[in-house]
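In case you want the letters, here they are:
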Amino acid sequence: MDAPVFCTFCAEPLQPAGRHPVCTGCGRVHHRDPKVGVGVVVLDEQGRLLLVRRGVDPGKGRWALPAGFVDAGEDPRHAAARETFEETGLEVEVGAVIDVYPSTATGGHSGASFFLAFEAVAVGGTLAADDDALDAGFFGPQALPELAFASTRDAALRVAARASRQQHRL
Ligand SMILES: [Zn+2]
């Protein structure tokens, strides 16, 4: 990521100091905020995983969880539901966090700084790819397409394992 060179408040040059640049004019510290990615693991009644084919890099043309970036001030679960609806046409209820993945699992510097994967269930809508997704569909565990990110398989496997443990308990 390219660092800013001038102060966004007073336009004086920034000076590297410690972890964050400091303005030589007004003295403000310039924090660089992380870009937070959120996505959902949605399984249908047959245990198939909802995936979208990415229309943008990183991972363009490959498949991933419905996902996107959290807007400033937005509830992360709301962001996950909004992105899922935009990409797949499905309305989802977003549940527990499956895990938090570092950028190495989500495509490196051009993607999210880190990625929150949530469990979610479809509660409405009609499946249809839209926004920056080229295609969307449900895939069985034996028939997964080429995935863009390691976090997709990891998050899906955890949800599947949890579901199977719950079935055994009944
Ligand atoms: Zn300044």
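All of these numbers come straight from a predicted model, not from anything done at the bench.

Parameters and conventions
- Residues numbered from 1 in each chain as written.
- Predicted model: local features only at pLDDT ≥ 70, side-chain atom pairs only at ≥ 80, totals over all residues.
- Helix = DSSP H or I, 4+ residues; strand = E, 2+ residues; numbered from the N terminus.
- Buried ≥ 20, exposed ≤ 12 C-beta atoms within 10 Å, placed from the backbone.
- Contact = placed C-beta atoms within 7 Å.
- Pairing = 2+ DSSP bridges.
- Axes fitted to C-alpha atoms, helices over the stretch in contact; angles between N-to-C directions.
- pLDDT = per-residue confidence, 0-100.
- Core = buried A, V, L, I, M, F, W, Y, C linked by C-beta atoms within 7 Å.

An account of the overall build of the chain is requested, with residue identities and associated values reported.
In terms of helices and strands, the chain carries two helices and nine strands. What you see in the chain, going N to C, is helices and strands ordered as β-β-β-β-β-β-α-β-β-β-α. Viewed in the frame of its principal axes, the chain has a C-alpha envelope of about 65 × 35 × 25 Å. In the chain, which comprises 170 residues, the proportion classed as buried is 31%. Contacts in the chain between residues at least 24 apart in sequence constitute 63% of all its contacts with a sequence separation of at least 6.

Describe the sheet that holds strand S5 (residues 63-64), with residues and values.
The strand order across the open sheet formed by three strands is S5-S4-S9, and the pairing between neighbours is antiparallel. Pairing within the sheet leaves two strands with one partner each, and these edge strands are S5 and strand S9 (133-139). Pairing analysis gives six bridges linking strand S4 (residues 49-54) to S9, with the strands arranged antiparallel. Paired with Val52 across the bridge in S9 is Ala136. Along the sheet, helix H1 (residues 76-88) contacts S4 and S9; its crossing angle with S9, the most-contacted strand, is approximately 100°.

A description of the pairing of strand S8 (residues 114-125) should follow, citing residues and the corresponding values.
Here strand S3 (residues 36-42) pairs with S8 via seven bridges, running parallel. Paired with Val36 across the strands is Phe114, a residue of S8. Two strands pair when backbone bridges link them, and strand S7 (residues 90-102) and S8 are joined in this way by ten bridges, in the antiparallel orientation. Bridged to Tyr101 within S8 is Phe115.

Tell me what's going on with the sheet that holds S8, and back it up with residues and numbers.
Read from one edge to the other, the open sheet built from four strands follows the order S6-S3-S8-S7, with strand pairing classed as mixed. Two strands bound the open sheet, and with one partner strand each, they are strand S6 (67-69) and S7. Neighbouring strand axes in the sheet, compared pairwise and without regard to direction, differ in orientation by 25° on average.

Please set out the confidence of the model for the chain residue by residue, giving values where relevant.
Residue-level pLDDT values for the chain average 89, and 94% of them are 70 or greater. Within the chain, helix H2 (residues 150-169) has the poorest average pLDDT of any element, 84, and H1 the best, 97.

Would you mind going over the nonpolar core in detail, with residue names and values included?
Of all hydrophobic cores here, the largest spans 34 residues; its most connected members are Val40, Val41, Ala117 and Phe118. Of all the elements in the fold, those that place two or more residues in this core are S3, S4, S5, H1, S7, S8, S9 and H2. The residues touching Ala117, leaving out its near neighbours within four places in the chain, are Gly39, Val41, Leu65, Ile98, Asp99, Tyr101, Ser151 and Ala155.

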